[in-house]
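Residue strings, one per chain:
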Amino acid sequence: MKKLYLFSFLFVVLCTALSFADDANLLIGRWEHSTISHGESFNFLAVFRINGTFDGFINKKEFVSGVYHMKHDTLYISDATCNAQYQGTYKVEFYGLRDSLRFHVIQDTCKGRREGTNGLLFKNVGASR
Amino acid sequence: MKKLCITLFTLGIILVISQGAFKDHEPVNAAALGRKLFFDPILSSTGKISCASCHKEEFAFSDTSAVSLGVHGRKGVRNTPSAMNMSLQVAFFWDGRATTLEQQALIPIQNPIEMDLSVNTAVWRLGHNKYYKSAFTAVFNEAPNAGNLAKALSAFERTLETGNSPFDDWRLNDNESAVSESAKRGFAIFNSKGRCIQCHFGPDFNDVEFRSIGLYDGKTLRDSGRACVTKKVADVGRFKIGALRNVALTAPYMHNGMFKTLRQVIDYYNDPDKIVSHSINRDTLLNIPMGLTEGEKTDLENFLVSLTDKRFAGQLKKLRPLQR
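Residues numbered from 1 in each chain as written. Chains lettered and ligands numbered in written order. Predicted model: local features only at pLDDT ≥ 70, side-chain atom pairs only at ≥ 80, totals over all residues.

Some points on the overall build of chain B
When helices and strands are counted, chain B shows 13 helices and two strands. When the backbone C-alpha atoms are referred to their principal axes, chain B occupies close to 90 × 50 × 30 Å. Partitioning the intrachain contacts of chain B with sequence separation of at least 6 by distance along the chain shows that 65% fall at a separation of at least 24. (Helix = DSSP H or I, 4+ residues; strand = E, 2+ residues; numbered from the N terminus. Contact = placed C-beta atoms within 7 Å.)

Here we look at the pairing of strand S5 (residues 74–79) of chain A
Residues and elements named next belong to chain A. Burial along S5 is one-sided: Leu75, Ile77 and Asp79 are buried, and none of Thr74, Tyr76 and Ser78, which face the opposite way, are. Inspection of the sheet shows strand S4 (residues 61–71) paired to S5 by six bridges, in the antiparallel sense. Residue Val67 lies in a different strand from S5, and its bridge partner there is Ser78. In this antiparallel pair of consecutive strands, S4 and S5, the connection spans two residues, and His72 shows a positive phi of 55°. Of the strand pairs in this sheet, S5 and strand S6 (residues 88–95) are connected by four bridges, and their pairing is antiparallel. Residue pairing in the sheet places Thr74 in a bridge with Lys91 of S6. (Buried ≥ 20, exposed ≤ 12 C-beta atoms within 10 Å, placed from the backbone. Pairing = 2+ DSSP bridges.)

Here's the deal with the interface of chain A and chain B
Each partner contributes to the interface: chain A provides 14 residues, whereas chain B provides 13 residues. Among the elements that take part in the side of chain A that touches chain B, S4 of chain A stands out by supplying four residues, more than any other. Here the side of chain A that touches chain B is built from residues that sort into four nonpolar, four polar and six charged. (Nonpolar A, V, L, I, M, F, W, Y, C, P; charged D, E, K, R; others polar.)

Details of unusual backbone geometry
All names here are of chain B. A cis amide bond links Ala251 to the next residue, Pro252, at an omega of 0°. Its location among the elements puts Pro252 in the loop between strand S2 (239–240) and helix H11 (262–270). Positive phi is not limited to glycine here, since Met254 has a value of about 80°. Along the polypeptide, Met254 turns up in the loop between S2 and H11.

Let's talk about helix H2 (residues 30–38) of chain B
Residue and element names in this part refer to chain B. For H2, the tally of buried residues reaches seven of nine residues, placing the bulk of the element in the interior. Here H2 has its buried residues at Ala30, Ala31, Leu33, Gly34, Arg35, Leu37 and Phe38. Here the buried face of H2 lies against helix H3 (51–54), helix H6 (130–140) and helix H7 (146–158).

Concerning the nonpolar core
Core analysis: the biggest nonpolar cluster contains 65 residues, and Ala122, Leu149, Ala152, Leu153, Phe190, Val265 and Leu304 of chain B have the highest contact counts within it. When residues in this core are grouped by element, the largest group, six residues, is from H7 of chain B. Lining this core are residues from two domains, each supplying at least three of them: domain 1 (2–157) and domain 2 (166–323) of chain B. Setting aside its immediate chain neighbours within four residues, Leu304 of chain B contacts Leu244, Val247, Ala248 and Leu262 of chain B. Formed by 16 residues, the second largest nonpolar core is a distinct cluster that contains Val47, Phe57 and Tyr90 of chain A together with Leu172 of chain B. (Core = buried A, V, L, I, M, F, W, Y, C linked by C-beta atoms within 7 Å. Domains from an automatic or database assignment.)

A closer look at the domain arrangement of chain B
Residue and element names in this part refer to chain B. Looking at chain B, the domain boundaries give domain 1 (2–157) and domain 2 (166–323). With 21 residues of domain 1 in contact, the opposing surface of domain 2 contributes 25 residues. Classifying every residue of the side of domain 1 that touches domain 2 by side-chain character gives ten nonpolar, seven polar and four charged.

Quick word on the pairing of strand S3 (residues 53–58) of chain A
Residue and element names in this part refer to chain A. Relative to S3, strand S2 (residues 40–48) runs antiparallel, the two sharing five bridges. Paired with Phe44 across the two strands is Ile58, which belongs to S3. The antiparallel pairing of S2 with S3 creates a hairpin that spans four residues between the two strands, and Gly52 there sits at a positive phi of about 85°. Pairing of S3 with S4 involves six bridges; the strand directions are antiparallel. Residue Asp55 lies in a different strand from S4, and its bridge partner there is Ser65.

Quick word on the confidence of the model for chain A
In the predicted model, chain A carries a mean pLDDT of 86, and the fraction of residues at 70 or more is 82%. Low pLDDT, under 50, characterises residues 12–22 of chain A; the stretch is placed with zero contacts to residues that sit more than four places away or in other chains. (pLDDT = per-residue confidence, 0-100.)

The structure is reproduced here in structure tokens:
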């Protein structure tokens, strides 16, 4: 009986650990989207950190920072430019071995963020802290 | 006789070599040609004022006086903004009267209180200058004209991007020691209590909109700003939102240069009514005082200083010797 309890306990711990592993935040890292507009090249870089903060850069210049969290494949994101109290939500579709991703807007009333995010393909360019 | 010939020959060789060394080489592209033009007073009626007379390189291509002096010491009416970080801008001048950098480039040349030279005369001068005639042909495959003059100047301005400040280092490289703890707190205030982010956002910390921060009262402050261009009452007192990169170097501040220091600017935003009591058409965002403590003001100022590109580190040290 004691063994059964012990086994059950270990089983629960293992399942819990696995369930956390399933929900690992795949977004953590550096993601880049490059484009050319009116002959000028633009490089968008998004850095999603382990501590739940993110920054966006255009041609290496910081242009937005805020907080985010992932729940399964859904991104909840907010920043002071769009209103820090409001969260935009996006479905994040990863490709290959997490070598690229695309954001699909679920709901976001912040036009600037929506236009700069929705449908864009970002490639993984490295890890972040 | 032989010695004299050898001496003369040697001197001749030295002369030819030295002339070659000091010869103004033709620029290889429009930006290099633009740089040469930017610093050359050939584009002013008196031949004494260049773009760089007011857009001083060491001050992030801005001026240190409230308003700049043009030809014959004529006083301008607005503060000279920095000519840096123009690539992503969509409106130029404090009132946004130009919508492209190319349009912008020719306006100060023609302005009677700035360089006071018609574009036709400028083009004629360049066409009759041996160096420029050859340089324009090399770069544009044609003689100087208004179009390629504007292209050259704007190409140079587009090279004046700065994105290597301690702040960028902190955010981009996660270098926590790049900025002080005070600057980090200042960034948080900028985004929250200070409400600065409502207007100053994006890669250069400005928006494409025009806002009235309350520096128009119709009495002592009479520059109606954007309304000069649009003729709309709603635009009275509105000005282009100033970019904040390198702002620690670009004092004095605001369209009229009325604030000499960043601290004065912060004090104004903290409680505008204390400084301009009967402003007209002021943005409602400024109706409620921020209520910043002195410590918070210092933090905010330190954050703004952290936006100074590292190329100006020496200049910043001269201006703020006590800052680390």
